[in-house]
Amino acid sequence: MCRIYCDTCVYVDLFEGRKDKFRDLGEFALSLFRKVKEKEYKLIISDWLLYEIKKLNHEKNFNDLLKQFEDEDLIKVERSNEDERKARLLSPSNFPDAMHVILAKKANAIYLVTRNIQDFAEFCKIIEIATPESL
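Residues numbered from 1 in each chain as written. Predicted model: local features only at pLDDT ≥ 70, side-chain atom pairs only at ≥ 80, totals over all residues. Heavy atoms only, no water.

Digging into the sheet that holds strand 2 (residues 41-46)
Line of reasoning, step 1. An order of 3-2-1-4-5 is seen for the 5 strands of this open sheet, with the pairing classed as parallel. Of all strands in the sheet, those bounded by a partner on one side alone are strand 3 (74-77) and strand 5 (128-130). The average angle at which neighbouring strand axes cross in this sheet is 30°, direction not considered.
Line of reasoning, step 2. Note that strand 1 (residues 2-6) and strand 4 (residues 111-113) share 3 bridges and pair parallel. Each bridged residue has a counterpart across the sheet, and for isoleucine 4 the counterpart in strand 4 is tyrosine 111.
Line of reasoning, step 3. Strands strand 1, strand 2 and strand 4 of the sheet are contacted by helix 2 (residues 25-37), whose axis makes an angle of about 110° with strand 2. (Pairing = 2+ DSSP bridges. Helix = DSSP H or I, 4+ residues; strand = E, 2+ residues; numbered from the N terminus. Axes fitted to C-alpha atoms, helices over the stretch in contact; angles between N-to-C directions. Contact = heavy atoms within 4.5 Å.)

Here it is in structure tokens:
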């Protein structure tokens, strides 16, 4: 089963019901999480993701979402000091997103799913970057 790691913005799209000019971004996120529940993907979550979710005051929403999955749907990964070192080397100017990349790779993700493609452009040779609607 294909492993995916979702950037924080995908969760925020869902939790805040965000929309762009023409599309419901929350619906794209919801559709992706449905595919995890239907066993099309395994979802990787990290302590770094949780850290960012907490900063945005969405911890309850995040925990409620996770309750909808079976344990086998999720892969949990925690960052180490070495992971942080690697992220700083990978991108000194974009440490938060580099940390997501390092953790996604650590858990053998095939895709890093994000709304912010441009923020991850520098990492496209390390991991495949995708939007929720492209999967």
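That covers the picture; the talk isn't over yet.
Some words on unusual backbone geometry
Line of reasoning, step 1. Residue lysine 39 is not a glycine yet carries a positive backbone phi of 70°.
Line of reasoning, step 2. Tracing the sequence through the fold places lysine 39 in the loop between helix 2 and strand 2.
Line of reasoning, step 3. Overall, lysine 39 belongs to the partly exposed group, its relative accessible area being 31%.
Line of reasoning, step 4. Of note in this structure, asparagine 108 is not a glycine but carries a positive phi near 65°.
Line of reasoning, step 5. Relative to the elements of secondary structure, asparagine 108 occurs in the loop between helix 6 (95-106) and strand 4. (Buried < 20%, exposed > 50% of the residue type's maximum accessible area, 1.4 Å probe, protein only.)

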